[in-house]
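Residue-level structural notes
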Amino acid sequence: KQWYQRRVRGNRESENVFEIFRLREKDVPVENFEIKNKVLSLSWDPKGPRFALIQGDQGRTDVSFYRIGEKIAQIGKTLVNKKCNTIKWSPLGQYCVLAGLNNFAFDGMLEFWDVGSDTPTLMESGEHFMVTHLAWDPTGRYVCSSNSYGGHSVENGYFMWSFQGTKLYETSLEGFVQFQWRPRPPSLLTEAHLKEIKKNMKSYARDFEIKDKLSKSKASKELIEKRRRVYDEYMAYRKRKDQELKALRLQYEEVRSDSVEEEYVEEVVEFFIKEEVEAAENKE
């Protein structure tokens with residue numbers, strides 16, 4: 001790939017000319033294509049025939065993806081008004097992160113894209129304010145965004161993300177300088193073994209599913225035993241407290257029976273209600 005900028009005479013605007021060299025073909029043919037807008041960045045998919053362009057101005061940027069086949073073709077539509085100045089591809093290709101690094105105007109926006117199909121798909125978006133660096137781990141499963149002391153003196157630290165854009169961890173470290181992934185060691189398998197594994201992946205998957213089910217069953221059994229143990233401990237504690245309560249009640253009854261009985265005085269009070277006088281009949 002060769003990229004140069006050509007300025008049109010008498011016009012302030014310039015256009016970007018890209019020359020793609022096909023080194024594995026006879027006579028190394030060259031294919032040209034032009035982008036009229038100002039190109040700020042170009043990045044290649046490390047594992048596939050794709051590349052991405054950021055074009056426009058710092059205040060307003062658009063992103064386009066391209067695939068190299070028999071001809072250079074754009075993948076889907078241009079993503080307009082994106083707050084980014086950097087595109088970081090996964091080491092395994094297909095996935096990338098659009099990020100606005102070292103720029104307050106972009107608010108630390110992070111967008112996680114899947115470019116494996118004919119239409120780019122936004123998987124998730126996040127935010128890491130004042131982000132200065134972005135680093136993929138060698139497996140392509142995780143991404144680390146960080147704010148180093150060299151870029152800003154406040155809000156130093158790093159966030160850990162999955163390749164799909166799920167935030168997994170975050171921490172603040174005063175004076176944090178740099179985050180680096182440990183290099184992935186070379187595989188102990190030969191190329192022939194790797195090809196055999198990929199060819200028989202379904203059979204290996206079935207074996208792993210069986211092992212996963214066994215491990216889950218074991219975990220379920222351990223969880224049930226733990227719950228039973230906690231339940232038994234609680235019931236023993238409750239029984240002990242019930243016995244203590246009964247003993248306290250007996251002590252209370254004994255104290256109450258030994259106390260001096262109160263004396264009661266009975267008083268009868270009569271009230272005059274009504275008086276009737278009747279004459280006796282004379283039977284003589």
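Rules behind the numbers
Every chain is numbered on its own, with residues counted from 1 as its sequence reads. Where totals are concerned, whole chains, interfaces and linings use all residues; where local detail is concerned, this predicted model gives features only for residues with pLDDT of at least 70, and gives and counts side-chain atom pairs only at 80 or more. Only hydrogens and water are removed before side-chain values are computed, so all heavy atoms of the structure are retained for them. Nine residue types can take part in a nonpolar core, namely buried Ala, Val, Leu, Ile, Met, Phe, Trp, Tyr and Cys, and a core is a set of them joined through side-chain atoms within 4.5 Å. Burial here depends on accessible area, computed with a 1.4 Å probe over protein chains only, as a share of the maximum for the residue type. Under 20% is buried, over 50% is exposed, and the range in between is partly exposed. Numbering of helices and strands starts at the N terminus; helices are DSSP runs of H or I of at least 4 residues and strands are runs of E of at least 2. Two residues form a contact once any of their heavy atoms are found within 4.5 Å. The way it works is a 1 Å grid over only the protein atoms, where trapped points that fit a 1.4 Å probe form a cavity and open points with protein on both sides within 12 Å along at least five of seven lines form a pocket, and then any residue with an atom within 4 Å of a point lines it. Grid points are joined across faces, edges and corners, and a volume is the space filled by probe spheres set on the points. Three classes are used: nonpolar for Ala, Val, Leu, Ile, Met, Phe, Trp, Tyr, Cys and Pro, charged for Asp, Glu, Lys and Arg, and polar for all others, with Gly counted as polar. Strands are treated as partners if at least two bridges between them are detected by DSSP. Between N-to-C directions, angles span 0 to 180 degrees; the directions come from axes that are lines fitted to C-alpha atoms, helices contributing only their stretch in contact.

Counting 13 residues, the largest nonpolar core has V63, F65, I87, W89, C96, L98 and V115 as the members making the most contacts within it. Of all the elements in the fold, those that place two or more residues in this core are β5 (50-57), β6 (60-68), β7 (72-82), β8 (86-89) and β9 (95-99). Discounting residues that sit within four places of it in the chain, V63 has contacts with L53, I54, T78, L79, K82, C84, I87 and L98.

Take the layout of surface pockets next. As a volume, the largest pocket reaches approximately 290 Å³. Looking at the lining of the largest pocket residue by residue, the classes come out as 6 nonpolar, no polar and 4 charged.

Our focus in this paragraph is empty space enclosed by the protein. The tally for this structure, following the rule as stated, stands at 1 cavity of 30 Å³ or more. What lines the largest cavity is G100, N102, N103, F104, D107, G108, F129, M130 and V131.

Attention shifts here to the sheet that holds strand β10 (residues 109-114). Overall, antiparallel pairing links the 4 strands, which are arranged β8-β9-β10-β11 in an open sheet. Edge positions in the sheet fall to β8 and β11 (121-127), since each has one partner strand and no second. Looking at each pair of strands side by side, their axes are set apart by 20° on average, direction ignored. Relative to β10, β9 is paired through 5 bridges, and the arrangement is antiparallel. Residue Y95 lies in a different strand from β10, and its bridge partner there is D114.

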